[in-house]
Amino acid sequence: MKKITALFAFAACLAARPAQAQQYYYNDASPWAVQSLTVAGGPILTHHFQSGADTFVDHHEIGIIQANTADRGNWALYYLGPNSVGKQTFGAGYVTDPYVVPLGPVSLELSAALGLVSGYQSYPVPLLGAQARLDLYQSGPWNAGVEMAAMPYIAKDETTNKNKFGIVGTTPFLSVRYSF
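**Q** Go over unusual backbone geometry with me, naming the residues and quoting the values.
**A** Residues apart from glycine generally show negative phi values, whereas peptide bonds are mostly found in trans. The step from G81 to P82 runs through a cis peptide bond, and the omega angle for that step is -20°. Inspection of the secondary structure puts P82 in the loop between β3 (74–81) and β4 (89–95).

Following this line, the structure appears as structure tokens:
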């Protein structure tokens, strides 16, 4: 939980830059201008949908920091501890612009992520994931909601020594966004 707290503190420091610096470095003329910063995370449970036995760790802590830029895409840093095989995972990747489904006073944002993560092999492995974010509350530049994620994977079945395909999904976790 200390790592999640540190992740939130780091994001707060990024968001709390001086107003003068904000105008100079983050104006709309810059292609890397950060339009919004999203911090998400908390304790989660996961479930692996696969054929055969599920022998993976299913209690985790997740942390995500995502920056949406003016015209250089959306980028995220990820933390998962412990991951499904009991190690710490750190990752980074590109996130697509969300497909927004209005649902009356709330909205559902669907997006995908592509990147690299550590903690599964002795080298980084590809990250392919889907995110769903339910936008529940807006007040000025602040926006709060809950997120869920799902990822396909290939893992070796310990009982048969064969590779199995599966999909892992998470329970919802908190998400806060600040738009500049």
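**Q** Lay out a nonpolar patch on the surface with the relevant residues and their values.
**A** On the surface, F49, I154, F165 and I167 cluster together into a nonpolar patch covering about 450 Å² of accessible area. Residue position: F49 is located in strand β1 (residues 34–50). A relative accessible area of 52% means that F49 is categorised as exposed.

**Q** Quick one: what's the story with the nonpolar core, residue by residue and with numbers?
**A** The biggest cluster of nonpolar side chains holds 13 residues, and the ones touching the most others in it are I44, I62, I64, A76, Y78, V95 and F173. Only β1, β2 (59–69), β3, β6 (106–117) and β7 (125–139) provide two or more residues apiece to this core. Sort the elements by how many residues they give to this core and β3 lands first, with three residues. Not counting residues up to four positions away in its chain, the partners in contact with Y78 are G63, I64, T89, F90, G91, A92, G93, V95, A113, L127 and Q131.

Cut-offs applied
Residues numbered from 1 in each chain as written. Predicted model: local features only at pLDDT ≥ 70, side-chain atom pairs only at ≥ 80, totals over all residues. Heavy atoms only, no water. Helix = DSSP H or I, 4+ residues; strand = E, 2+ residues; numbered from the N terminus. Patch = residues over 30% accessible without salt bridge, like charges linked within 9 Å, V, L, I, M, F, W, Y side chains within 5 Å. Areas by Shrake-Rupley, 256 points an atom, 1.4 Å probe, with all protein chains shown as cover. Salt bridge = Lys/Arg side-chain N within 4 Å of Asp/Glu carboxyl O. Buried < 20%, exposed > 50% of the residue type's maximum accessible area, 1.4 Å probe, protein only. Core = buried A, V, L, I, M, F, W, Y, C linked by side-chain atoms within 4.5 Å. Contact = heavy atoms within 4.5 Å.

Function cannot be inferred from these measures alone, as they are strictly geometric.
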